[in-house]
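Chain by chain, the residues:
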Amino acid sequence: MHRAILVPELLVAELAASLRFWCDLCGFRIAYDRPEDRFAYLDRDGAQVMLEEAAGPGRRWITGKLERPFGRGMNLQISVADCAPILARLEAAGWPLYLDVEEKWYRVAEGETGVRQFIVQDPDGYLLRFSQALQTPALQADSPATQPLDQAH
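Parameters at a glance
Residue numbers here run from 1 along each chain, matching the order of that chain's written sequence. Local features in this predicted model are restricted to residues of pLDDT 70 or higher, and side-chain atom pairs are both shown and tallied only at a pLDDT of 80 or more, whereas totals for entire chains, interfaces and linings draw on every residue. In computing side-chain values, all of the structure's heavy atoms are included and hydrogens and water are not. Criterion for a salt bridge: a side-chain nitrogen of Lys or Arg within 4 Å of a carboxyl oxygen of Asp or Glu. Each helix is a run of DSSP H or I of at least 4 residues and each strand a run of E of at least 2, with the numbering of both proceeding from the N terminus. Accessibility here uses a 1.4 Å probe with only protein chains present; expressed as a share of the type maximum, an area under 20% marks a residue as buried, one over 50% as exposed, and anything in between as partly exposed. The pairing criterion for strands is at least two bridges between them, as found by DSSP. Structural elements are reduced to axes, namely lines fitted to C-alpha atoms, with helices fitted over the stretch in contact, and the angle between N-to-C directions of any two is expressed from 0 to 180 degrees. For cavity detection a 1 Å grid was placed over the protein atoms alone, and a set of points counts as a cavity when a 1.4 Å probe fits there but cannot get out; an open set counts as a pocket when protein lies on both sides within 12 Å along at least five of seven lines, with lining residues being those that have an atom within 4 Å of a point. Grid points are joined across faces, edges and corners, and a volume is the space filled by probe spheres set on the points. By the convention adopted, Pro, Cys, Tyr, Trp, Phe, Met, Ile, Leu, Val and Ala count as nonpolar, Lys, Arg, Asp and Glu as charged, and the other residues, Gly among them, as polar. Whether two residues touch is decided by their heavy atoms; if any such pair falls within 4.5 Å, the residues are in contact.

Draft legend 1. Broad picture of the pattern of salt bridges. Here the structure, examined in full by the defined rule, presents 6 salt bridges. For R38, the salt bridge is made with E53, and the minimal N-O distance between the two is 3.5 Å. Highlighted residues: R38 in the loop between β2 (29-34) and β3 (39-44) and E53 in strand β4 (residues 47-53), separated in sequence by 15 residues. A salt bridge links E52 to R60, with the shortest nitrogen-to-oxygen separation between them at 3.0 Å.

Draft legend 2. Structural detail: unusual backbone geometry. A cis amide bond links R68 with the next residue in sequence, P69, at an omega value of 0 degrees. Take P69: it is sitting in the loop between β4 and β5 (75-80). Backbone geometry places R38, a non-glycine residue, at a positive phi of 55 degrees. R38 sits in the partly exposed class, given a relative accessible area of 35%.

Draft legend 3. Spotlight on the sheet that holds β2. Spatially, 4 strands are ordered β1-β4-β3-β2 in an open sheet, and the strand pairing comes out mixed. Both outer strands of the open sheet, β1 (9-12) and β2, are each paired with one neighbouring strand and no more. Between one strand and the next, the sheet's axes are offset by a mean angle of 25 degrees, whatever the strand orientation. Where β3 lies against β4, 6 bridges are found, and the strand directions are antiparallel.

Draft legend 4. Focus on the layout of surface pockets. Approximately 280 Å³ is the volume attributed to the largest pocket. A total of 3 residues in the lining of the largest pocket trace back to one element, the largest contributor, which is β1. Each residue belonging to the lining of the largest pocket can be placed in one class, and the counts come to 7 nonpolar, 3 polar and 5 charged.

Draft legend 5. Here's a closer look at the sheet that holds strand β7 (residues 111-121). If you trace the 4 strands from one edge of the open sheet to the other, you get β5-β8-β7-β6, paired in mixed fashion. Each end of this open sheet is capped by a strand with a single partner; those strands are β5 and β6 (97-108). For this sheet the average axis-to-axis angle between neighbouring strands, irrespective of direction, equals 30 degrees. When β5 meets strand β8 (residues 127-134), the two strands line up parallel, connected through 6 bridges. The residue bridging S79 from the neighbouring strand is S131, located in β8. Sheet strands in contact with helix α2 (residues 84-92) are β5, β6, β7 and β8, and its direction is about 20 degrees off that of β7.

What follows is the structure in structure tokens.
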């Protein structure tokens, strides 16, 4: 496994509950763990995150009072090839979406990029935004760019 350059480490209230959500519903796998430290390193096709139980043994870097929902003001975008399998598992588990599935186009340096995305909240309140790339729409058949030069306006 190649380790990502930036890997968030999230404090969680109950590691077992978080692993059920992240692995069983969202398709991550445990790359390695240290059960004695209540810690797990997760990977999903190169998207990586560390989960650590806040009340676990050893040192924890806690800068203030921890209150749910954790991670306020942050969402983690996770690129996936297909949102459908994750959505199916969440629906089967009765897990609500924070933001329903949408197709959204964003302006980027080289033009536009489109995604099919949704947001789900994990047991501790962290927001996960799963994002599936959309194909750039084909040019309209009647647009000047696709007409012969003598027919363009």
